[in-house]
Amino acid sequence: TVMFYWLTNAGASSGRLYAESFRDHGQDPVKVPVGVSAFPNEIFKASKRWCEAGRYPNVVFWSDHDRGGHFPAWEEPELLAADLRAMFGPYR
């Protein structure tokens, strides 16, 4: 995996996502409907209460899982796919 970042010279841009995520940009709350799939081995574990009280006041779907981590599409694809269907199904 490291080789993909090295050969494509994408290391800095992939790391920037994490650096930007933890800064306070004074941004407005996200008003569109938000869905969350929470996996127990995630690097940063956000609670539903924290999300709703902060930047995401319109959480319409929340799913806590008992397995999986930072790469759910790879680790638990069935769980993530089921959550995507449940979240976006009403918007079809």
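Before reading on, note that the structure itself is shown above.
Residues numbered from 1 in each chain as written. Predicted model: local features only at pLDDT ≥ 70, side-chain atom pairs only at ≥ 80, totals over all residues. Heavy atoms only, no water.

Trainee: Would you take a moment to explain the overall build of the protein for this structure?
Mentor: Within the protein, the secondary structure is distributed over 5 helices and 2 strands. Reading the secondary structure of the protein in the N-to-C direction produces α-α-β-α-β-α-α. A globule of 92 residues ought to have a C-alpha radius of gyration of about 12 Å, yet the protein, at 15 Å, is considerably larger. When the backbone C-alpha atoms are referred to their principal axes, the protein occupies close to 40 × 35 × 25 Å. Per-residue burial over the protein gives 20% buried out of 92 residues. In the protein, the proportion of contacts linking residues at least 24 apart, taken out of those at least 6 apart, comes to 69%. Surface accessibility of the protein: about 7400 Å² in total, with carbon and sulfur atoms responsible for 58%. Taken as two groups, the 10 positive and 11 negative side-chain charges of the protein have centres that lie 5 Å from each other. (Helix = DSSP H or I, 4+ residues; strand = E, 2+ residues; numbered from the N terminus. Rg over C-alpha atoms; globule rule 2.2 N^0.38 Å. Buried < 20%, exposed > 50% of the residue type's maximum accessible area, 1.4 Å probe, protein only. Contact = heavy atoms within 4.5 Å. Areas by Shrake-Rupley, 256 points an atom, 1.4 Å probe, with all protein chains shown as cover. Lys, Arg positive; Asp, Glu negative; His and termini not counted. Charge placed at Lys NZ, Arg CZ, Asp CG, Glu CD.)

Trainee: Would you mind going over the pairing of strand β2 (residues 59-64) with me for this structure?
Mentor: Along a regular strand, successive side chains alternate from one face of the sheet to the other. Relative to β2, strand β1 (residues 34-38) is paired through 5 bridges, and the arrangement is parallel. Along β2, the bridge assignment pairs Val36 with Trp62. The parallel pair β1 and β2 is bridged by helix α3 (residues 48-53), and the resulting crossover is right-handed. (Pairing = 2+ DSSP bridges. Right-handed = clockwise from strand over helix to strand, strands pointing away.)

Trainee: Whenever I open this one, the pattern of salt bridges confuses me. Can you help?
Mentor: Side-chain pairs of opposite charge can arise whenever the charged atoms involved come near each other. Within the structure shown, the criterion is met by 2 salt bridges. A salt bridge links Arg67 to Asp66, with the nearest nitrogen and oxygen atoms 3.5 Å apart. On the basis of relative accessible area, Arg67 is assigned to the partly exposed category, the value being 42%. With its nearest N and O atoms 3.1 Å apart, the salt bridge here joins Glu76 to Arg67. Residue Glu76 is classed as buried on the basis of its relative accessible area of 14%. Each of Asp66, Arg67 and Glu76 takes part in one network of salt bridges that share partners. (Salt bridge = Lys/Arg side-chain N within 4 Å of Asp/Glu carboxyl O.)

Trainee: I'm lost on helix α5 (residues 77-88) in this one. Help?
Mentor: The α-helix winds at 3.6 residues per turn, so residues separated by three or four positions along the chain end up facing the same way. Across its 12 residues, α5 extends 16 Å between first and last C-alpha, which sits within 8% of the 16 Å expected from 1.5 Å per residue. Within the sequence span of α5, burial applies to Leu79, Leu80, Asp83 and Met87. Taken end-on, α5 shows its buried residues confined to a sector of 95 degrees, consistent with a single buried face. Turned more than 90 degrees off the buried face of α5, the exposed positions are Glu78 and Arg85. Where the residues of α5 are buried, they touch β1, β2 and α4 (72-75). (Expected span 1.5 Å × (residues − 1). Arc of directions from axis to C-beta.)

Note that all results are geometric; they support no functional claim without further evidence.
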